[in-house]
Amino acid sequence: GLDQDMMQKNLSCKSLKDAQKNMYTYGFAFTPVNFLFLALGVLLLTLAAQRNIQLPTLNDDILPMFCTSGILGGSILIFFTIGIIAAAFSSADSALTALTTSFCVDILGVQREEAKRAKRTRLKVHVMISVLFVLIILAFKAVNNRSVIDAIYMIASYTYGPLLGLFVFGLFTKRKPRDKYVPYICIASPLICLATDFLVKQYAGYTFGYEMLMVNGGITFAGLELLAIENGKLKIEN
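These remarks concern the structure in this document.

Helix and strand counts for the protein chain come out as 9 helices and 3 strands. From first element to last, N terminus to C terminus, the protein chain shows the α and β order α-α-α-α-α-α-α-β-α-α-β-β. Every one of the 238 residues in the protein chain was classed for burial, and the buried ones make up 21%. Restricting the contact set of the protein chain to residue pairs at least 6 apart, pairs at least 24 apart contribute 58%. Surface exposure of the protein chain reaches about 17300 Å², of which carbon and sulfur atoms provide 68%.

Structure representation (structure tokens):
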């Protein structure tokens with residue numbers, strides 16, 4: 001249930017016990033950090049209200065506006081720039097590494113090639129994915145009219161729903177899914193959610209938000225449950 005770049009942090013540990021300890025420590029470390037960012041957001045909004053500062057339309061532009069306008073002082077801009085660069089490189093390198101590794105190993109099978117040829121292939125794929133990242137970012141910037149986080153969560157409601165359903169099915173049941181039908185279930189679930197969102201909005205006036213993730217995961221779980229194998233026998237016989 002973890003992203004590949006998060007798993008890579010644990011693969012370098014010496015033993016399973018150390019990896020488990022690292023996961024718990026890494027998880028609990030997020031709590032105070034997230035609280036600090038939450039407190040920072042509250043303080044910035046309070047400051048804007050006290051000084052009658054007009055906030056940007058997009059939530060993602062609030063912090064850059066405060067840092068670049070000079071309201072918080074000139075030194076803040078330096079630390080903000082360093083932080084943005086550090087965060088961008090930290091996210092980009094892990095994502096590029098994960099995608100390059102997955103494409104080269106799972107799709108191209110470079111592990112079966114000789115070392116020099118495999119290295120050239122990895123470099124070409126790395127550059128190709130980097131260019132693709134830039135194009136996606138430019139396209140996202142051109143068509144997106146919502147905050148980045150909000151848009152990502154809405155997209156994740158459709159893309160991560162099947163992953164959530166698979167994770168819950170594997171974690172809380174002892175049944176085995178029929179492997180050949182799993183891809184079809186994972187593709188059908190987001191399509192059903194998309195159609196449900198359209199019909200509900202059309203006839204009931206309700207628009208699904210982040211709860212679509214739970215609906216998506218539930219549909220995937222239900223599909224896996226209906227076609228599960230229990231005690232070596234199919235629950236549903238064709």
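Phi is positive for Asn52, which is not a glycine, with a value near 55°. When you line up the elements, Asn52 lands in the loop between helix H2 (16–50) and helix H3 (62–69).

Attention now moves to the environment of Tyr184. Along the chain, the position of Tyr184 falls in helix H8 (residues 182–203). Judged by its relative accessible area of 59%, Tyr184 falls in the exposed class. Distance in space between the C-alpha atoms of Tyr184 and Thr220 is 10.0 Å, their sequence separation being 36 residues.

Moving on, we get to the environment of Leu191. Looking at the secondary structure, you find Leu191 in helix H8. Separated by 25 residues in sequence, Leu191 and Asn216 place their C-alpha atoms 9.3 Å apart.

Turning next to the packing of H8 against helix H9 (residues 212–226). Each pair of packed helices gets described by two things: the angle between the helix axes and the distance between those axes. One can describe the packing of H8 onto H9 by two numbers: an axis separation of 9 Å at closest approach and a directional angle of 140°. For the element pair H8 / H9, the angle class is oblique. You can see that H8 and H9 cross each other, and the crossing is right-handed. Where H8 approaches H9, its residues Val182, Ile185, Cys186, Ser189, Pro190, Ile192, Cys193 and Asp197 are matched on the opposing element by Met212, Val215, Asn216, Ile219, Thr220, Gly223 and Leu224. Broken down by class, the residue content of the contact of H8 with H9 amounts to 10 nonpolar, 4 polar and 1 charged.

Here we come to H3. Residues Ile62, Phe66 and Cys67 constitute the buried set of H3. In a view along the axis of H3, the buried residues occupy a sector of 130°, so they form one face of it. Contacts made by the buried residues of H3 are with H2 and helix H4 (74–108). Gly70 occupies a position one or two residues after H3 and carries a positive phi of about 85°.

To continue, consider the packing of helix H7 (residues 161–172) against H9. Interaxial distance between H7 and H9 falls to 7 Å at its minimum, and their mutual angle equals 50°. The angle between the axes of H7 and H9 places the two elements in the oblique class. By crossing handedness, the relation of H7 to H9 is classed as right-handed. Counted together, Gly161, Pro162, Leu164, Gly165, Leu166, Val168 and Phe169 of H7 and Leu213, Asn216, Gly217, Thr220, Phe221, Leu224 and Glu225 of H9 form the full contact between these two elements.

Right, let's talk about the side chain of Thr100 for a bit. Structurally, the position occupied by Thr100 is in helix H4. On the basis of relative accessible area, Thr100 is assigned to the buried category, the value being 8%. Within the structure, the side chain of Thr100 is placed 3.1 Å from the side chain of His126, a separation counted as a polar contact. Residues within four places of Thr100 in sequence aside, it is in contact with Arg122, Val125, His126 and Ile129.

So, on to the packing of aromatic side chains. Evaluated as defined, the whole model comprises 3 aromatic pairs. Between Phe169 and Phe221, the aromatic rings sit 5.8 Å apart at their centres with planes inclined by 65°, giving edge-to-face as the arrangement. Of this pair, Phe169 sits in helix H7 while Phe221 sits in helix H9, and the two are 52 residues apart along the sequence. With a centroid separation of 5.3 Å and an interplanar angle of 80°, the aromatic rings of Tyr206 and Phe208 are classed as edge-to-face. Looking at Phe208, the relative accessible area reads 17%, which means it is buried.

Quick notes on the rules
Residues numbered from 1 in each chain as written. Predicted model: local features only at pLDDT ≥ 70, side-chain atom pairs only at ≥ 80, totals over all residues. Heavy atoms only, no water. Helix = DSSP H or I, 4+ residues; strand = E, 2+ residues; numbered from the N terminus. Buried < 20%, exposed > 50% of the residue type's maximum accessible area, 1.4 Å probe, protein only. Contact = heavy atoms within 4.5 Å. Areas by Shrake-Rupley, 256 points an atom, 1.4 Å probe, with all protein chains shown as cover. Axes fitted to C-alpha atoms, helices over the stretch in contact; angles between N-to-C directions. Parallel < 35°, antiparallel > 145°, perpendicular 65-115°, else oblique. Left-handed = near helix turned anticlockwise from the far one by under 90°. Nonpolar A, V, L, I, M, F, W, Y, C, P; charged D, E, K, R; others polar. Arc of directions from axis to C-beta. Polar contact = N/O pair within 3.5 Å; in protein donor to acceptor, adjacent residues only side chain to side chain. Phe/Tyr/Trp six-rings, centres within 6.5 Å; stacked < 30°, edge-to-face > 60°.

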